[in-house]
Amino acid sequence: MDSLHPIFTEQRTILISSSPYTPVYVKQELAVLGFETLQVGFTTVETKGTFEDTIRLNLHLRTGNHVYLLIEQFIAKTIEELYQKTLAIEWEKILPVDGYFSVHNVTDHEEAANTMFLNLRVKDAIADRFMSTMEKRPDSGSEKERAVIFIYWKDNEAMLYLDTTGEPLTKHGYRKISLKAPLQESLAASIIMATRWTTQDSFVNPMCGSGTLAIEAALMACGKPPGLIRNNFGFMHLTGYRPSVYDALYASAHAAVLKEIPGKIIASDLSLEALDAAKSNATGAGVEQLIQFIKSDFQNTPMPESPGVVIFNPPYGERLGSSEQLELLYASIGDFMKKSCKGYWGYILTANPELAKKVGLKTKRKIDFYNGQLKCKLLEYELYDGSRKIKALNEIAEA
Ligand SMILES: C[S@@+](CC[C@H](N)C(=O)[O-])C[C@H]1O[C@@H](n2cnc3c(N)ncnc32)[C@H](O)[C@@H]1O
């Protein structure tokens, strides 16, 4: 194909999806990467940029799920109108004829009550366009490992996007072993961004399970973008993709990764199986040397010097264990934070408000998240360092 579709050269709308309540963290990441936020929704953030920008976003974003690049936006009152308008797009300048693509959608249109049918009609339009212009067509199916087209059709307004991500960024590509109830990697990154942790401080994650929180903290501390861990993205399967552009972006991101980090990161768990999984996942992420793994009851986790954060993702009751047993656990987490984590900020992520009451400490903030389908709160506790507080009060009194 000698000419490229303008989507590969022009500035376009870029839409980034993320979990509910997390667009605020996507927005923060965008600002650091030099992107302007144009709109924030419940699970989306809109910005603008080029196809090359989508490559950079896919490499760097920790909290996003998909990076979509707008191909075209039009009114379609019927599925036939949508088919015709999709057929008119120069797909032969977007998708390689010998490639593979899949179509996915979000719709509330009455003519697309069967969402599979909508995917099929968009796929038909693309295939028919290829047949009429090139007399052959790419393969298609439901897999997201190659080119992915995304259609959003609501209130007769259709938006066709390239899903430049493909397999979602929710998985950062290092977790080979999942235990029960692991946190999604992108959600763990958002949770850490919601805390008061700075990469200079200590980060302690008792009950670490498969290690997601500690691994995400280590990735942040050394400045390693999660996109360096995976090697396949949707953008790689489009006609406008130039490996040299990706290689250069990859190399500059890689060159900026720190070998050492200023703060201490500790992950502990009672279960040897959990700790082995956490270590192996950290190795997959290339950050095992930055985390101290300790097999211990959470109450024996050694606490480095403050300032720092201590963060728990204990069982909630809904998915693991029973509430009766867990009441004691939550109470002892409260005791541990009060006695052993002075000068720290403490955090507990839980979907169970009744158990949260057993912690017995005053919450400073309650931050909303969804862990899968479960509505959760990240509870924040200020764990005063008694001596410091008295010293500060004396200083105020003397002033
Ligand atoms: C919900 S999982 C944590 C999931 C983790 N955030 C992840 O992404 O994989 C809870 C973990 O707490 C650990 N655990 C339960 N009771 C404990 C205790 N008393 N001391 C230390 N760890 C404990 C379990 O072994 C389990 O790995």
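What counts, and at which threshold
- Residues numbered from 1 in each chain as written.
- Predicted model: local features only at pLDDT ≥ 70, side-chain atom pairs only at ≥ 80, totals over all residues.
- Helix = DSSP H or I, 4+ residues; strand = E, 2+ residues; numbered from the N terminus.
- Rg over C-alpha atoms; globule rule 2.2 N^0.38 Å.
- Contact = placed C-beta atoms within 7 Å.
- Near = placed C-beta within 6 Å.
- Nonpolar A, V, L, I, M, F, W, Y, C, P; charged D, E, K, R; others polar.
- Domains from an automatic or database assignment.
- Axes fitted to C-alpha atoms, helices over the stretch in contact; angles between N-to-C directions.
- Parallel < 35°, antiparallel > 145°, perpendicular 65-115°, else oblique.
- Left-handed = near helix turned anticlockwise from the far one by under 90°.
- Pairing = 2+ DSSP bridges.

J.: Give me the lowdown on the overall build of the protein, citing residues and values where you can.
T.: What the protein contains, in helices and strands, is 11 helices and 15 strands. On C-alpha atoms alone, the protein measures out to a radius of gyration of 24 Å, which is about the 21 Å that the 2.2 N^0.38 rule sets for 399 residues. For the protein, the spread of C-alpha atoms along the three principal axes comes to 80 × 50 × 45 Å. For the protein, the proportion of contacts with a sequence separation of at least 24, taken over those separated by at least 6, is 78%.

J.: Run through the site of the ligand, naming residues and quoting values.
T.: Taken together, 19 residues lie near the ligand, and Met207, Gly209, Ser210, Thr212 and Leu270 sit nearest. Its residues assigned to classes, the shell around the ligand shows 12 nonpolar, five polar and two charged.

J.: Can you lay out the domain arrangement of the protein for me, pointing to particular residues and giving the numbers?
T.: How big an interface is tends to be stated in terms of accessible area lost as the parts join. For the protein, the assigned domains are domain 1 (6-163) and domain 2 (185-223 + 258-390). Measuring from the centre of the C-alpha atoms in domain 1 to the corresponding centre in domain 2 gives 36 Å. Facing 11 residues of domain 1, the contacting portion of domain 2 comprises eight residues. Residues that form the side of domain 1 that touches domain 2 fall into these classes: three nonpolar, seven polar and one charged.

J.: Please give an account of the packing of helix 5 (residues 185-194) against helix 6 (residues 212-221) that cites residues and values.
T.: For the pair helix 5 and helix 6, the least separation of the axes is 9 Å and the interaxial angle reads 70°. For the element pair helix 5 / helix 6, the angle class is roughly perpendicular. For the pair helix 5 and helix 6, the sense of crossing is right-handed. Of the residues in helix 6, those touching helix 5 at Glu185, Ala188, Ala189, Ile191 and Ile192 are Thr212, Leu213, Glu216, Ala217 and Met220. Among the residues forming the contact of helix 5 with helix 6, the class breakdown is seven nonpolar, one polar and two charged.

J.: Before we move on, could you go through the sheet that holds strand 11 (residues 291-295) and cite the residues and values that matter?
T.: What the seven strands build is an open sheet, ordered 11-10-9-12-13-15-14; its pairing is mixed. The open sheet has two free edges, formed respectively by strand 11 and strand 14 (365-371), since each of these has just one partner strand. Within the sheet, the average angular offset between the axes of one strand and its neighbour, ignoring direction, is 20°. Across seven bridges, the pairing between strand 14 and strand 15 (residues 374-382) is antiparallel. By the bridge assignment, Lys366 is partnered in strand 15 with Leu379.

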